[in-house]
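Here's the letter readout for the chains.
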Amino acid sequence: MRHVALVTGASRGIGRGIALELARQGWDVCINYLQHREAAEQTAAQVRALGQNAMVVQADVADGPAVEAMARQAEGELGPVSLLVNNAGVAGQMQFQDITDEQWNRYLAVNLGGARNAIRAVLPRMLSEKRGCIVNISSIWGLRGASCEVAYACTKAALIGLTRSLALELAPSGIRVNCVAPGVIDTDMVQVLGQETLRDLAAETPLGRLGTPEDIAYAVAFLASDRASFLTGQVLGADGGFIV
Ligand code: NAP
């Protein structure tokens, strides 16, 4: 039987790293993206070069029906999805009093609603097969809080609540739900901070460097593996010791 993973936001950054590491571990991968089709196709080509099947699906994770259609397409082309990685996310810096309703709602809709949409889309099949694995990508800022990133930090804290609650609800059905909380990872997302702030954040990280997408991918691949078969409801910090 083939192992099929759906990774949201896998065109770039951490999601791409996750897709490639899963492929190395023998997973076929459905690569979701929002805007960057060419980048998503590159990830797919890299997955295929590793000997696994790959497909690319454009869908805004905030759009429930689009996510539902993506899951059906993945099942149709690759087979039943037994691993979902909720990685797609948006971040931004602003003071709390400047966040508009539109921005607040968008953060929630993508970072938290997107995970809910994707889980709802793959869960019926996982429940009927009594097996499955869900990994949510949170953040150190969801654990610690973040000045000028209140909306983002709220959504990332909520993903931890989602992970723990759903883990309890789905454990009797043989479905594990875990979470990875990355530290500062060197991707497009953090470039807006500027090189000086990134240097400071690396210095603030006990291991003295920023993380790479691979650092997070290894943690996700472990949680998805049989070696983690007794782990559910956990938050695995992959942060160079930022939060100890
Ligand atoms: P990134 O470089 O900005 O990449 C974001 C990815 O998500 C892209 O593939 C993008 O697709 C996709 N995406 C964004 N909005 C989407 C939507 N509405 N629907 C579907 N796909 C969407 O971000 P990253 O740094 O790799 O972060 C990935 C995840 O890790 C996020 O959840 C982020 O919050 C979390 N995280 C990141 C860090 C960090 O320091 N980088 C730290 C902690 C947690 P397109 O390419 O099509 O735009």
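As shown above, the structure is provided for reference.
Quick look at the structure, then.

Thresholds applied
- Residues numbered from 1 in each chain as written.
- Predicted model: local features only at pLDDT ≥ 70, side-chain atom pairs only at ≥ 80, totals over all residues.
- Heavy atoms only, no water.
- Near = heavy atom within 4 Å.
- Polar contact = N/O pair within 3.5 Å; in protein donor to acceptor, adjacent residues only side chain to side chain.
- Areas by Shrake-Rupley, 256 points an atom, 1.4 Å probe, with all protein chains shown as cover.
- Helix = DSSP H or I, 4+ residues; strand = E, 2+ residues; numbered from the N terminus.
- Buried < 20%, exposed > 50% of the residue type's maximum accessible area, 1.4 Å probe, protein only.
- Arc of directions from axis to C-beta.
- Contact = heavy atoms within 4.5 Å.
- Core = buried A, V, L, I, M, F, W, Y, C linked by side-chain atoms within 4.5 Å.

1. Re the site of the ligand
Piece 1. As a matter of local geometry, the ligand sits amid 33 residues, with Ser-11, Gln-35, Asn-87, Tyr-152 and Thr-187 nearest to it.
Piece 2. Leu-34 places a polar main-chain atom, nitrogen or oxygen, 2.9 Å from an oxygen atom of the ligand.
Piece 3. Residue Asn-87 places a main-chain N or O atom 2.7 Å away from an oxygen atom belonging to the ligand.
Piece 4. In the complex, 96% of the free accessible area of the ligand, which totals 900 Å², lies under the protein chains.
Piece 5. Residue assignment for the shell around the ligand shows that the elements contributing at least two residues are α1 (13-24), β2 (27-33), α4 (101-129) and α6 (150-170).

2. Details of helix α7 (residues 195-204)
Piece 1. Listed in full, the buried residues belonging to α7 are Leu-198, Leu-201 and Ala-202. Buried residues of α7, seen end-on, are gathered within an arc of 100 degrees and therefore sit on one face of the element. In α7, those exposed residues whose orientation departs by more than 90 degrees from the buried face are Glu-196, Arg-199 and Ala-203.
Piece 2. Packing partners of the buried residues in α7 comprise α5 (140-144).

3. A closer look at the nonpolar core
Piece 1. Ile-18, Leu-22, Ile-31, Leu-83 and Val-180 are the most contacted members of the largest nonpolar core, which totals 33 residues.
Piece 2. Counting residues per element, the ones that place at least two in this core are β1 (3-7), α1, β2, α2 (37-49), β3 (54-58), β4 (83-86), β5 (132-137) and α8 (213-224).
Piece 3. Counting residues per element, this core draws most heavily on α8, which supplies 7 residues.
Piece 4. For Ile-18, the residues in contact, after removing those within four places along its chain, are Val-7, Val-85, Asn-87, Ile-137, Ala-217 and Val-220.

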